[in-house]
Amino acid sequence: MIRQHYTGSSRRAVNVIWNAAGRYDFDPPFLAFFPNGDTDDYFNLVIGLAAKWLDLDRLNTFFDGLGLSNTAQEASAVLWLGIENCVYQKELPDRPILTQLRRERAEAFYVYSSGLSRQQMMLQSMKVFDQEQARWAGVLGRKAVLSPAASKLAKELSFSGDLDTDGVIREMARICEERFRLRSGHGTEPSYRKITVRGLADAFARRFMRRELRSADLLILRKGSGNGDQKGSVQLGHRIGQAHTSGSTEKDQVYIRDCFGPCLYSDREMHILENALCTGTDAACRLWIADGSGSRYGGAASAEEPVTNHSVREAGAAQNQAKLLQQDQENQRLRNVRFYQAHIFRIQENIRDLTAQTDTIFASYMHDLPKRSRRGRIDAEKAWRLPVLSDPDVFWSDSDITEFSVTVDLLLDASQSRMNNQEMIASQAYIIAKSFESCGIPVRVSAFRSLRGYTVLQRLKPYRDKKCEGIFRYYAGGWNRDGLCLKTMDYLMKDEQETMASQRILLVLTDASPNDSMQVPPDENHLLAREYEGDLAVQDAAAAVRQLQRDGIRTAAIFFGAAAHLDNVHQIYGQNYVRIRSLSQFSDAVGALLKRALEDRGGA
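Presented here is an overview of the structure given in this document.

Cut-offs and rules
- Residues numbered from 1 in each chain as written.
- Predicted model: local features only at pLDDT ≥ 70, side-chain atom pairs only at ≥ 80, totals over all residues.
- Heavy atoms only, no water.
- Pairing = 2+ DSSP bridges.
- Helix = DSSP H or I, 4+ residues; strand = E, 2+ residues; numbered from the N terminus.
- Axes fitted to C-alpha atoms, helices over the stretch in contact; angles between N-to-C directions.
- Contact = heavy atoms within 4.5 Å.
- Buried < 20%, exposed > 50% of the residue type's maximum accessible area, 1.4 Å probe, protein only.
- Right-handed = clockwise from strand over helix to strand, strands pointing away.
- Expected span 1.5 Å × (residues − 1).

**Some details on the sheet that holds strand E8 (residues 503-510)**
Phase 1: Spatial ordering of the open sheet is given by E1-E7-E6-E5-E8-E11-E12, a layout of seven strands whose pairing is mixed. Two strands bound the open sheet, and with one partner strand each, they are strand E1 (286-290) and strand E12 (577-579). Each strand of the sheet is rotated relative to its neighbour by a mean of 20°, with strand direction disregarded.
Phase 2: Two strands pair when backbone bridges link them, and strand E5 (residues 406-413) and E8 are joined in this way by seven bridges, in the parallel orientation. Directly across from Leu 412, in E8, lies its bridge partner Leu 509.
Phase 3: Contacting E8, strand E11 (553-559) and E12, helix H20 (residues 586-599) runs over the sheet at an angle of about 155° to E11.

Written out as structure tokens, the structure reads:
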């Protein structure tokens, strides 16, 4: 039987669930975590007991059927309190320690809620907060002040231990219809969707609604916390030996097109690109380069398929999914813009500082940068032009020009691991792009992720566009095959060098944690396929960076991620990286990194 591969805090959570369930032959559809990312052992125990006493798959189907409205999110959160009471009563005779574990969990709720600020309290779903308070106050023998409606709902959520799965679902359906005006099965969403609400309700819902990856990669678009990563807050795992695709490469391509829009290059050009790059470690991968408009084109490719009842149903589902993707992307764009507006004074200050530093740095270093010449250091790659084309400009010499003959590419990791930092990353990219544009330096901004074996590169801002607002379309979801993306950037930038400035700089905003669902194929040294993760993925990305440097593309990283990945970023980018912790240090850090990149001649 194919099993999910769990690591870190996810492994701890699933072990608690398996132990409580008394079986180890299933992948739990829910995992429980505290808001800080630590495993919530009590509620993982509850999930395991639900698998022991109830039909967890049917409960999962019920929650999927509620949809994704704010009301459905609230309902999903409070209904788990009902399940908790039911399985607690069922298991208590055989496991008396549950009483103590339940009290400890109640005390943890009050520790967390006492630390909330007034602003954080204003962001809570009070219906969920009231029900949590009612449950845990009762456990500790305290009195909770509730409205009559909240008190009545709290009593209804005290599901009896005599209920079976049918009874639990019947009670949940009644509460949904009477208290939330919801009916399960109406507005059902795909299982990859994440059920989230704001504040405390968000933390509670995430503990239960965090789905593990299914057999087919689906774009994970959901609202992150916006407050940065917590321990264990975002993780992706691999299913051992399981294919990443839906079983049809044609359907995979349709899905990628629906998500990201049509490819910017022709089929012939992409065939050349894939033949050059999708080899060795990436032999089973494919590439897609889009303009960032994404799902506005959703469903267009499906119209060419033969019309059958089955295909009509599939087309309808694809169309609905495309609409959901559009809405998710637009919602994230608005959150990025709101974050920018809320921090506009600090961001504008960073832009002014970085603009001044950039102008000074290039004025100091540009004359030391090499230019094409008839004498000096020979360019081995261009030497053939002298005897064949009688072109004498095959040498490098120091330049005495003062203009900025340089272009900058900004590459943003847009995998799911960046979900909780989307607003911050969009603002960081905006600061860099705006500062360089103010100095007359062309900037291109791209985001990358991988999905169903495709490494997708999205152009959020082309060189020719002087405006930078397109960067706010950045959103995170999917995996990240850093090595293949960096090789693609190297190929494309070399391909453009005849028409672009002589100096090329690539800045990568990354958390230095490459991880992809597409396995590395077997080779002469390995009989079995390997997962693209860990040291293998880091070394693959490092090799791509060294090739970029050998090709004269000055490559550096802006590291915004967990301290655990500091060794990764050092292995991949050497000394050419800077770690960012907040916007207050951003302009100085990027200025220092730019200076370091210009001093580096790009040698391996």
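**Some remarks on the pairing of strand E6 (residues 443-451)**
Phase 1: Along E6, nine of the nine residues are buried, which leaves the element largely enclosed by surrounding structure.
Phase 2: The pairing of E5 with E6 spans six bridges and is parallel. Counterpart to Asp 409 in the pairing with E6 is Arg 444.
Phase 3: Between the parallel elements E5 and E6, the chain passes through helix H16 (residues 422-438) in a crossover that is right-handed.
Phase 4: Summarising the sheet, E6 and strand E7 (residues 454-461) pair through seven bridges and their orientation is antiparallel. Along E7, the bridge assignment pairs Arg 449 with Val 456.
Phase 5: Hairpin geometry of E6 and E7 is characterised by an intervening segment of two residues between the two adjacent antiparallel strands and by a positive phi of about 50° at Arg 452.

**Examining helix H2 (residues 41-53)**
Phase 1: For H2, spanning 13 residues, the distance from its first C-alpha to its last is 18 Å, which sits close to the expected 18 Å at 1.5 Å a residue.
Phase 2: The buried count for H2 comes to ten of 13 residues, which makes it a mostly enclosed element.
Phase 3: Of all the positions in H2, only Tyr 42, Phe 43, Asn 44, Leu 45, Val 46, Ile 47, Gly 48, Leu 49, Ala 50 and Ala 51 are classed as buried.

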